[in-house]
Amino acid sequence: MTILGAISLPQNPPEALRGIARAADEAGLEELWLWEDCFLNGGVAAASAALAWTTNLKVGIGIMPVPFRNVALSAMEIATMARMFGDRALPGIGHGVQDWMGQVGARPKSPLTLLREYGTTLRSLLHGETVTVQGEYVKLDGVGLDWPPSRPPQLYVAAGGPKTLALAGAIGDGTVLAGGTSPDAVAAAKKHIAAAVPHEIVVFVLAVTGDEAAARLAMTATRYDQLEYAGLAGSAKDIAAGVREFADAGATKVILQPPPDEPDPEEYVRFVAREVRPLVD
């Protein structure tokens, strides 16, 4: 069964997250995903708070840019969330937007090399191993977590190009595909991922409902420069039909993204959980 979730945009002020998370949890939403876009909300702080405010809701971070954090710190943060909240915490890592990485002086010459070293090391740390590594970017000397998670969490890796998709299949438990990805592109990405074990494919999909939904979708898509695939617009029935197309293409999780002008983010997550979800399967 396809998992259906929603995104709480980082354009919402941090103090709005409590109401959004609680509304999602009470409505029965399966997953709420957060973005760590520069220079808005911190992903780990926001996810931890959302998890603490809720009971059943799973919370994804899509994604933590790897140039931002030392891998040992990421392992500590993820392990802490996993021990406190179990499998409700869904950590994701990725290249990050390279222009933003440049702004903070952390733009790598080879993002792919960094992600490979980082993801491989992070998995080892989260599995309770003591790690010594001298890579091009990742350098650890006998580092192990004192509080590793009792069960390593699923690790998601954001990917777009063929090489990163293949890497995500090799080092991740799931791949996150950005908004603007079409169903056909999901099917194509799945071939590049080619994981040897069951692998989640998460896709973010812009979805607009309410008055003038189609016009708002077109305006928002232009803002995001989503040329390949604008998203979904219309009623719950219309959006559910679109979700099924992504599921048929191979997406195991479809996470609906509200437009930045969404007037009521709490009502949006209720809409996804109560109106769209029953129509998907």
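The rules we used
Residues numbered from 1 in each chain as written. Predicted model: local features only at pLDDT ≥ 70, side-chain atom pairs only at ≥ 80, totals over all residues. Heavy atoms only, no water. Salt bridge = Lys/Arg side-chain N within 4 Å of Asp/Glu carboxyl O. Helix = DSSP H or I, 4+ residues; strand = E, 2+ residues; numbered from the N terminus. Buried < 20%, exposed > 50% of the residue type's maximum accessible area, 1.4 Å probe, protein only. Expected span 1.5 Å × (residues − 1). Arc of directions from axis to C-beta. Contact = heavy atoms within 4.5 Å.

**Overview of the pattern of salt bridges**
Proximity of charged atoms lets side chains of opposite charge pair with each other.
Link 1 in the chain: Tallied over the full model, the rule gives twelve salt bridges.
Link 2 in the chain: For Glu-31, the salt bridge goes to Lys-253, with nearest N and O atoms at 2.7 Å. Of this pair, Glu-31 sits in strand S2 (residues 31-34) while Lys-253 sits in strand S13 (residues 253-257), placing them 222 residues apart in sequence.
Link 3 in the chain: Residue Lys-253 is classed as buried on the basis of its relative accessible area, which comes to 2%.
Link 4 in the chain: Measuring nitrogen to oxygen at the nearest pair gives 2.5 Å for the salt bridge that ties Arg-69 to Glu-36. One end of the pair, Arg-69, is in the loop between strand S4 (64-65) and helix H3 (71-85); the other, Glu-36, is in the loop between S2 and helix H2 (43-53), and 33 residues separate them in sequence.
Link 5 in the chain: Among the charged side chains, a network of salt bridges with common partners joins Glu-30, Arg-277 and Asp-281.

**Side note on helix H8 (residues 213-224)**
Link 1 in the chain: Relative to the 16 Å expected for twelve residues at 1.5 Å per residue, H8 spans 16 Å between its end C-alpha atoms, a close match to the ideal helical length.
Link 2 in the chain: Taken together, the buried positions of H8 are occupied by Ala-213, Arg-216, Leu-217, Thr-220 and Ala-221. Down the axis of H8, the smallest arc covering the buried residues is 135 degrees, so these residues share one side. Those residues of H8 that are exposed and angled more than 90 degrees off the buried face are Ala-214, Met-219 and Thr-222.
Link 3 in the chain: Each element contacted by the buried residues of H8 is listed here: strand S11 (200-208) and strand S12 (232-233).

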